[in-house]
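One letter stands for each residue in the lines below.
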Amino acid sequence: MDPTSPESETRPEINPSSAATNPAAVQPIKATPEATAFESTPSSFADPPPERSNSLDELTHDLSSLHDLSTRGQWEAILDKISQSRALFLLTKPHEHLTYLTYQVIALTKLRRSDEASHELNSLHDFDGEHYRYESFPEIYPDRKGSMVPFSLRWMYALVPTRLGNRQEGLDRLYTLLDFVRERIKEKEGNDDSVELWKKREIFVMSCLLGFHLGHKEFGVSLELIKELIKRDPLDPVLVSKLGSVQMQFGDIEGAKATFDRVEKMSNHNGLVSETQFKNLVGRNKALVHVVAKDYAAAVREYEECIERDNSDVVAVNNKALCLMYSRDLSDAIKSMKSVLREITLMLSRLTTRRFV
Amino acid sequence: MSTGATQGPHSLAFRVMRLCKPSFHVDPPLRIDPFDLLAGEDFSDDPTSASLLRRHLSSAEGVDSDLSYRNRFLINHPTDPIGLSGLLLLPQSFGAIYLGETFCSYISVNNSSTSEVRDVTIKAEIQTERQRILLLDTSKSPVESIRTGGRYDFIVEHDVKELGAHTLVCSALYNDADGERKYLPQFFKFVVANPLSVRTKVRVVKETTFLEACIENHTKANLFMDQVDFEPAKQWTALRLHDPSSQHPPSSDLGGIIPNPPVIIRSGGGIHNYLYKLVPSADVSGQTKFQGSSILGKFQITWRTNLGEPGRLQTQQILGAPVSRKEINMRVVEVPTTIHLNRPFSASLNLTNQTDRQLGPFEVSLSQDESQMEKPVAINGLQKLMLPRLEAFGSSDFQLNLIASKLGVQKIGGITALDTREKKTYELVPEMEIFVESD
C-alpha cells in the first residue's frame, strides 16, 4: 500500500451496490445521517449528537462512526463505509489508510472471511519501514515521531494465519510480536504513560499466547505464561482464578484449591471488578471445587447464589445446568437453560425496540 | 432392535452418553483495546496526544445497556484474550477408556411409542471376557410406568480393572400397550487399553540398591502424576531421590502463588523418570539378614486428567538383582597407628558367619592366586592360622601378624579364609588402608 498515491486505494468492491449510493450524501464532518446509506442491516441506530462525532473524527476521517459501528458489531456496514471512503478519495492522510485497513481486516475476520483479510494484509509493506512513520511526512505531521501503525493491525497480522488453520505461523508471529513489544518497553523507558501502554500490550499478547497453548492442552508452556502474567499483577483475583482453572484443567486439584483459597482472601481493592463480580468469582470457584468432588448439589447452590446476585452471569447459568445433568436431573437442566434463554430473548427484543424510537 | 418374530418394534430405546468429567471451554476471542485501534501505536508518546485520545474515547462511550455488543468487542478485563471464561463443557465424544479409570455413563431409556409402557425392569451390566458385573437392577422395584415421550434416566459407574473388550449391556423388561411382556437388550461396546508402562532398572552400588523407574504415557491425554509411590517390601527402606535444582522454591515476594512445576507426562509416548535409593531395613534382632528373596516392592500410581478425573494402577512386584550376600565376612578391624616398612605389625581381624547355620573350621592364609607379584602386605611368620567352627550368626576376633613390603598407602588384602568342611574360600574385604612409612 503506497500512502502517497491515493489512486492505488481503489480496492475491488466488496459490496458493489454501495458504490452506487449518492456520493453527495457523504460529508466527513457532520452528524451521520449519511451513515444510513451504508447500513446493510435493517436495524438503525440512534445518531450520536454532533459534538461527540467530531471528537474522534479529529483523529481520522469519520472515525467516530467506525468506532460506533464496531461496538455494535455491524461489520458489513464498516466494510461498505471503507470501500465508499476509498472510492471517493476521502482519506487524505497516510495514517487514515492504515486505520481503515485495520478496521477492514478486523471486519473481514469477524465475518469469517479470513482469506480476504489475509489478502489485505499481504498488500502491506514492512511494518517497521519508513512508509509508516510520522517523521517521513513532516508536512502532514509536524513535530510527531514514531510509528503510525495501529497496534491492532500488528496483532491481526499474527492472528489471521491461525484463523486460516496455520497455527504454527500464527504462533511464530505472536512470539515475534511479543519480542517487539518488549523491545518497545525498554526503548520507551522514561516516558511513563507510553511504557504503561506498551506493558498493557505485553499482557495482551501474553494472554493471547496463553489462550492458544491452553486450547491445545500445552500445560507446561501455559503455566510459564500465566506465571509471568501473575508476576506483573499478583493481586488480580480474575487472573489468579484463571491460574486455578488451569491447574484444575490438567488435574492438580489440590493446587487449584489452594489458589482459589488465595483468591477468596484477596480484597477487591484494585477495582477491576465490581463487588458483585468479585463475589460471583469466588462463588464460581467454590462451585468448581464441588464439581470436582462430585458434590453437584452443593455446586448448584453456589451457582444459584451467583445467578441471584447477577442474572447475566452466563457462566453460572451454563455450569448450573451442567451440574443438574450430572445429578441425573436432565429435565431441570433443560428447564433452567430454557428459562434463561427466554429472559435473554425478552431483554434483546426490548433493546431493539428502544433503538427504533 | 427386535430379537424375534413374536416381538414387534420396541417402544423403548436406550441412549448412552459417557459422563467423564467436564472440561473448560477455551475460546480466545477477537477483542480489542480501543487505544490499539483508534490511533497509531506511538500516537500516545506525546502526552498531549495521549490525553486527547483519552478524552475523545470517553466522550464516545455511550450509555450501555447490559447486552450491547460493545461488551463482546472491546476488552473488559486484561485477561479476556485468554478465552478462559470458566464455562464448562460436557464431554464432546466417547473418547478412549484406560485401565484404572472409572467408566461413568448417563443412560436414558425413552418411550418413543404412542402409548404408555408399564412395569419396567431395567438392568445395566458390564460384560468382559472374564466376568459379568451388575451395575443397576430395578427388578425389586420396577419403574411403574413410562408415559409416551417420557424418559427414565440413570447414571452408572464402574471401576475398570480389566483390559480388552467390554460391553455395556442395557436391558429393559416391560409391558407394552397391548399388555405383552417384551424384552429389549442393547449392547454398547468399548475397548479398554493400557494407559502406562513402567520400565525399571536396578543397580547395586556397594551396599545400596538404586531403583530407576521410567513411566511412559500411552494415552491420548497429558497425565498429571498426582502420586507415584514406591512401596518397598518389608526388608527394604526406600528414599525418593530428587534433583535439587529442579525444585524451585515458591517466590517469596508473591507469597507462594506460583506453584512448583507439576509432573505432567505428555500424551502419546511422553516419559518421566523416578529414582529411589533402597537400603536394607534393620530386622528385629538388629542383624542384617541374608535374604534369598529379591523382591524390592511395587509402585502405586495415581494420575489425573481434566478436572481431576483420576486413574489408579499398581505394578507387579519389582525384582531386584539377586543379592549376593556373603556367607562369611572377614574384615580387618584395627591396625597400629604407625606401620614401618619391613617391620612386622599386629592387625586385629574379625570373621563373621552371616548364615543361619554352623560353618567352619577355617584356615586363614594368604590367597594363592596366579599372580607371582609380591603382595604389599603379607603374613609374617606362620602362614596359616586355624579358627574353630562358628555358630549361626556368630563371629570370632583374631590377630594376624603382618608385614608390609611397600611404602605409602597400601590396602590389606589377599587374605582368604577356607572353610575346610565345605571347601569354600572367602576373601578378606580389602577395605582397610594403611600408611607404610620408611624405617
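Criteria and cut-off values
- Residues numbered from 1 in each chain as written.
- Chains lettered and ligands numbered in written order.
- Predicted model: local features only at pLDDT ≥ 70, side-chain atom pairs only at ≥ 80, totals over all residues.
- Heavy atoms only, no water.
- UniProt positions renumbered as here; feature names shortened; annotations may be inferred.
- Helix = DSSP H or I, 4+ residues; strand = E, 2+ residues; numbered from the N terminus.
- Contact = heavy atoms within 4.5 Å.
- Areas by Shrake-Rupley, 256 points an atom, 1.4 Å probe, with all protein chains shown as cover.
- Buried < 20%, exposed > 50% of the residue type's maximum accessible area, 1.4 Å probe, protein only.
- Pairing = 2+ DSSP bridges.
- Buried area = accessible area lost by both parts, 1.4 Å probe.
- Salt bridge = Lys/Arg side-chain N within 4 Å of Asp/Glu carboxyl O.
- Polar contact = N/O pair within 3.5 Å; in protein donor to acceptor, adjacent residues only side chain to side chain.
- Nonpolar A, V, L, I, M, F, W, Y, C, P; charged D, E, K, R; others polar.
- Axes fitted to C-alpha atoms, helices over the stretch in contact; angles between N-to-C directions.
- Parallel < 35°, antiparallel > 145°, perpendicular 65-115°, else oblique.
- Left-handed = near helix turned anticlockwise from the far one by under 90°.
- Phe/Tyr/Trp six-rings, centres within 6.5 Å; stacked < 30°, edge-to-face > 60°.
- Lys NZ or Arg CZ within 6 Å of the ring centre and 35° of its normal.

The name an unreviewed UniProt entry assigns to chain B is Trafficking protein particle complex subunit 13, from the organism Brassica carinata. Under the UniProt heading Sequence similarities (unreviewed entry), the entry covering chain B gives this text: "Belongs to the TRAPPC13 family."

Looking at an unreviewed UniProt entry, one finds chain A named Trafficking protein particle complex subunit 12 and attributed to Brassica carinata.

(A) Local environment of the overall build of chain A. Within chain A, the regular secondary structure consists of 16 helices and zero strands. Nonlocal contacts in chain A, meaning residues at least 24 apart in sequence, comprise 53% of its contacts between residues at least 6 apart. With the model as given, the accessible surface of chain A reaches about 16,500 Å², and the carbon-plus-sulfur share is 53%.

(B) Inspection of the overall build of chain B at higher detail. In terms of helices and strands, chain B carries three helices and 31 strands. The buried share of chain B, taken over its 439 residues, is 44%. Counting only contacts in chain B whose residues sit at least 6 apart along the sequence, the fraction spanning at least 24 positions is 72%. Approximately 22,700 Å² of chain B is accessible, and the part contributed by carbon and sulfur atoms is 51%.

(C) Main features of unusual backbone geometry. Residue and element names in this part refer to chain B. Put simply, Gly-360 and Pro-361 share a cis peptide bond, and its omega is 0°. Tracing the backbone through its elements, the reader meets Pro-361 in the loop between strand S23 (344-353) and strand S24 (362-366). Backbone geometry at Phe-393 places phi at a positive 60°, although glycine is not the residue there. Turning to its location among the elements, Phe-393 is positioned in the loop between strand S26 (384-387) and strand S27 (395-404).

(D) Structural view of the environment of Lys-231 of chain A. Residue and element names in this part refer to chain A. With respect to the secondary-structure elements, Lys-231 resides in helix H10 (residues 219-232). According to the relative accessible area criterion, Lys-231 is partly exposed, its value standing at 45%. The sequence separation of Lys-231 and His-125 amounts to 106 residues, and the corresponding C-alpha distance is 36 Å.

(E) View of the environment of Pro-388 of chain B. Residue and element names in this part refer to chain B. With respect to the element layout, Pro-388 can be found in the loop between S26 and S27. Between the alpha carbons of Pro-388 and Gln-354 there is a distance of 16 Å; along the sequence they are 34 residues apart. Filtering out sequence-adjacent residues up to four positions away, Pro-388 remains in contact with Pro-361 and Phe-362.

(F) Expanded view of the pairing of strand S13 (residues 208-217) of chain B. Residue and element names in this part refer to chain B. The element S13 is largely enclosed, with a buried count of eight among its ten residues. Bridge count for strand S12 (residues 196-205) against S13 is ten bridges, and the pairing is antiparallel. Among the inter-strand pairings, Arg-199 is bridged to a residue of S13, identified as Cys-214. Here S12 folds back onto S13 in antiparallel fashion, the turn holding two residues, of which Lys-206 has a positive phi close to 55°.

(G) Spatial organisation of the interface of chain A and chain B. Contacts between the two partners involve 95 residues from chain A, matched on the other side by 79 residues from chain B. When the two sides are added together, the surface that chain A and chain B hide from each other amounts to roughly 7,700 Å², 63% of it contributed by carbon and sulfur. Linking chain A with chain B are six salt bridges, by the criterion used here. Linking chain A with chain B are 30 residue pairs in polar contact (both at pLDDT 80 or more). Per-element tally for the side of chain A that touches chain B: the top contributor is helix H9 (residues 192-215) of chain A, with 14 residues. Considered class by class, the residues forming the side of chain A that touches chain B number 50 nonpolar, 23 polar and 22 charged.

(H) Highlighting the packing of H9 of chain A against H10 of chain A. Residues and elements named next belong to chain A. Contact geometry for H9 and H10: axes closest at 9 Å, N-to-C directions at 155°. The orientation of H9 with respect to H10, classified from their angle, is roughly antiparallel. Note that H9 runs across H10; the crossing there is left-handed. Contact residues: Glu-202, Ile-203, Met-206, Ser-207, Leu-209, Leu-210, His-213 and Leu-214 in H9; Phe-219, Val-221, Ser-222, Leu-225, Ile-226, Glu-228, Leu-229 and Arg-232 in H10.

(I) The arrangement of the pairing of strand S17 (residues 271-280) of chain B in detail. Residue and element names in this part refer to chain B. Pairing between S13 and S17: eight bridges, direction antiparallel. Within the sheet, the bridge partner assigned to Cys-214 lies in S17 and is Asn-273. Here strand S15 (residues 236-241) pairs with S17 via six bridges, running antiparallel. The partner of Thr-237 across the bridge, within S17, is Val-279.

(J) Molecular detail of the sheet that holds strand S5 (residues 102-111) of chain B. Residues and elements named next belong to chain B. An order of S1-S5-S9 is seen for the three strands of this open sheet, with the pairing classed as antiparallel. Every interior strand has two partners, whereas the edge strands, strand S1 (12-18) and strand S9 (151-159), have only one. Ignoring strand direction, the axes of neighbouring strands in this sheet form an average angle of 20°. In the sheet, S1 pairs with S5 via seven bridges, with the strands oriented antiparallel. For Val-16, the partnering residue across the bridge sits in S5 and is Ile-107.

(K) The arrangement of the packing of aromatic side chains in detail. Throughout the structure, instances matching the rule amount to 16 aromatic pairs over all chains. Look at Trp-155 of chain A and Phe-204 of chain A: their rings are 4.8 Å apart centre to centre, the planes differ by 75°, and that puts the pair in the edge-to-face class. You can see Trp-155 of chain A sitting in helix H7 (residues 151-163) and its partner Phe-204 of chain A sitting in helix H9, a full 49 residues away along the chain. When the ring of Phe-219 of chain A is compared with that of Phe-250 of chain A, the centres are 5.5 Å apart and the planes differ by 50°; the resulting orientation is tilted. Taken together, the positions of Phe-219 of chain A in helix H10 and Phe-250 of chain A in helix H11 (residues 237-250) put the pair 31 residues apart, joining distant regions of the chain. The same class applies to Phe-219 of chain A and to Phe-250 of chain A, which are both buried. An aromatic cluster of at least three residues, connected via ring pairs, comprises Phe-151, Phe-180 and Trp-198 of chain A. When the ring centre of Tyr-134 of chain A is taken as origin, the NZ or CZ atom of Arg-144 of chain A, which lies over that ring, is 5.6 Å away. Directly above the aromatic system of Phe-94 of chain B lies the positively charged group of Arg-18 of chain B, at a separation of 5.7 Å from the ring centroid.

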